[in-house]
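# Summary of the model geometry
Now for the letters of each chain:
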Amino acid sequence: MTDAAGDRLVDGYALVVFDLDGVIYLIDRPIPGAVEAVGRLRADGLAVAYATNNASRRSSEVAELLTGMGVVARPEEVLTSAAAAAELLRDRLPAGAAVLVVGAEALRAEIRAAGLTPVTRADESPVAVVQGYGPQVGWVDLAEASVAIRAGATWVATNTDRTLPSGRGPLPGNGSLVAALRHALNRPPDLVVGKPEPALFTTAARRAGEGRTLVVGDRLDTDIEGARRAGLDSLLVLTGVSDVSELLAAPEERRPTYVARDLAGLFDPAAVIRVPGEPAVGGWSTAPVAGGLELRGAGRPLDALAVLCAAAWAAGESAVRPASPEAERALAALGLSA
């Protein structure tokens, strides 16, 4: 199912970079198979890194959280959008410059660690505003940021994720709060640091030296697009935000190299596909019909997905209907309604 150097997908790579929420854990619990997958990579001597847009924890806190879940992680292996934003501002501003922080305490700590002065009010004359996710961010924070930006402060967003995953489904993410401020100011941020910007991934990839890097993510609009911008291969796992219907409708810049239901695809050739697949493979084929595509044949649902990606991306049609009971069952297994 892959074209990697060995039977397993991971055999073709020196470094695997994981997104966290939706890939390794969901809120505060590891996703089934994640602990074992990371442990297996380490046992095989492969390098591991973690890249997250979540700016509410520092790298050391993320490493501690992961280790507490049974996923061994060191602070230097964790790249966060909070740390990246702080480093960017450190390189652009004089030492000690005031930065208005909209977000969690972790973001303030990163700004402080970068030699800058975190402030909370516009009347403290901040030269920049940095905005990251924080569960307590409210109207007052956005109002202070609005005043400071209108007065000339540079506006930096750690990321623009519209949602973040939860046990109750997607919840508003930092991008939703950035959108509120953008609407009020009638302009976008001056800079966005996190995925899909490539910086987190390119920083991680340098650690692989001349070896290849594989990015594993659950979101097409951040993880996969970010990997493509960084020129890296990517694996979409269907354990988080993006689903099959979104995959079939994905524009070229958000299309992964591989797809798997979960992290088992790293090791089991039968659990991962390269996309797009051939027009007919594994007993499946498609045909154009009024309003979309028709799935024909029988076989494994994953093989059907490879065929569907080929047809949908070529035709610009993502609506699919089954031509047989076998096709209907495959679509149901992929989370697609008939």
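This section reports on the structure supplied with the text. (Residues numbered from 1 in each chain as written. Predicted model: local features only at pLDDT ≥ 70, side-chain atom pairs only at ≥ 80, totals over all residues. Heavy atoms only, no water.)

### Some thoughts on the overall build of the protein chain
Within the protein chain, the secondary structure is distributed over 11 helices and 19 strands. Since a compact globule built from 338 residues should have a radius of gyration of about 20 Å, the 21 Å found for the protein chain is in line with a globular shape. For the protein chain, the spread of C-alpha atoms along the three principal axes comes to 65 × 45 × 35 Å. Counting only residues that meet the buried cut, the protein chain has 52% of its 338 residues in that class. Long-range contacts, defined as pairs at least 24 residues apart, comprise 66% of the intrachain contacts of the protein chain with a sequence gap of at least 6. For the protein chain, the accessible surface area stands at approximately 14,300 Å², while carbon and sulfur atoms represent 50% of it. When the 32 basic and 41 acidic side-chain charges of the protein chain are each reduced to a single mean position, those positions are 2 Å apart. (Helix = DSSP H or I, 4+ residues; strand = E, 2+ residues; numbered from the N terminus. Rg over C-alpha atoms; globule rule 2.2 N^0.38 Å. Buried < 20%, exposed > 50% of the residue type's maximum accessible area, 1.4 Å probe, protein only. Contact = heavy atoms within 4.5 Å. Areas by Shrake-Rupley, 256 points an atom, 1.4 Å probe, with all protein chains shown as cover. Lys, Arg positive; Asp, Glu negative; His and termini not counted. Charge placed at Lys NZ, Arg CZ, Asp CG, Glu CD.)

### Observations regarding the sheet that holds strand E13 (residues 213–217)
Read across the sheet, seven strands follow the order E5-E4-E1-E13-E14-E15-E16 without closing on themselves; strand pairing throughout is mixed. The open sheet has two edge strands, strand E5 (78–80) and strand E16 (272–274), and neither has a second partner. On average, each strand axis in the sheet is tilted by 25° relative to the strand beside it, whichever way the strands run. In this sheet, strand E4 (residues 47–52) lies alongside strand E1 (residues 15–18) in parallel orientation, the contact comprising four bridges. Of the residues in E4, the one forming a bridge with Val17 is Ala49. On the sheet, helix H1 (residues 34–43) packs against E1 and E4 and is oriented at approximately 140° with respect to E4. Those strands touched by helix H3 (residues 81–92) are E4 and E5, and its axis lies near 65° from that of E5. (Pairing = 2+ DSSP bridges. Axes fitted to C-alpha atoms, helices over the stretch in contact; angles between N-to-C directions.)

### Some points on unusual backbone geometry
Backbone phi values are negative for most residues with the exception of glycine, while trans is the configuration of most peptide bonds. Omega for the bond connecting Lys195 with Pro196 falls within 30 degrees of zero, at 15°, which places this linkage in the cis form. With an omega dihedral of -5°, the bond running from Val275 to Pro276 counts as a cis peptide bond. Along the chain, Pro276 turns up in the loop between E16 and strand E17 (284–289). One non-glycine residue, Ser125, lies in the positive phi region at around 55°. Relative to the elements of secondary structure, Ser125 occurs in the loop between strand E7 (117–119) and strand E8 (128–131). For Asn186, which is not a glycine, the phi torsion comes out positive at approximately 60°. Examined against the element boundaries, Asn186 turns out to sit in the loop between helix H6 (174–185) and strand E12 (191–192). Residue Asn186 is classed as exposed on the basis of its relative accessible area of 71%.

### A look at the nonpolar core
Ranked by internal contacts, the top residues of the largest apolar core, which has 33 residues, are Phe18, Ile24, Tyr50, Val216, Leu235, Leu263 and Leu266. Ranked by the residues each element gives to this core, the list is headed by H1, at four residues. Leave out the neighbours within four places in its chain, and Leu235 touches Leu9, Leu214, Val215, Val216, Gly217, Ile224, Tyr258, Val259, Ala260, Leu266 and Val272. Of all hydrophobic cores here, the second largest spans 32 residues; its members include Leu93, Val101, Leu107 and Ala204. (Core = buried A, V, L, I, M, F, W, Y, C linked by side-chain atoms within 4.5 Å.)

### Regarding the pattern of salt bridges
When charged atoms on two side chains of opposite charge get close, those side chains can pair. Evaluation of the coordinates by the stated rule reveals 21 salt bridges. Between Arg212 and Asp233 there is a salt bridge, with its nearest N and O atoms 2.6 Å apart. Within this pair, whereas Arg212 is found in the loop between helix H7 (199–205) and E13, its partner Asp233 is found in strand E14 (residues 233–237), the two being separated by 21 residues in sequence. A network of salt bridges, in which partner residues are shared, links Arg42, Arg74, Glu76 and Glu77. (Salt bridge = Lys/Arg side-chain N within 4 Å of Asp/Glu carboxyl O.)

### A look at the sheet that holds strand E18 (residues 292–297)
Taken in spatial order, the three strands of this open sheet run E17-E18-E19, and their pairing is mixed. Lying at the two open borders of the sheet, with one neighbouring strand each, are E17 and strand E19 (320–322). Recorded for the sheet is a direction-independent mean angle of 30° between the axes of neighbouring strands. The sheet contact formed by E17 and E18 spans six bridges and is antiparallel. When the bridges of E18 are listed, Val289 appears paired with Gly292. Contacts from helix H10 (residues 301–315) reach E17, E18 and E19 within the one sheet, and its direction differs from that of E17 by about 35°.

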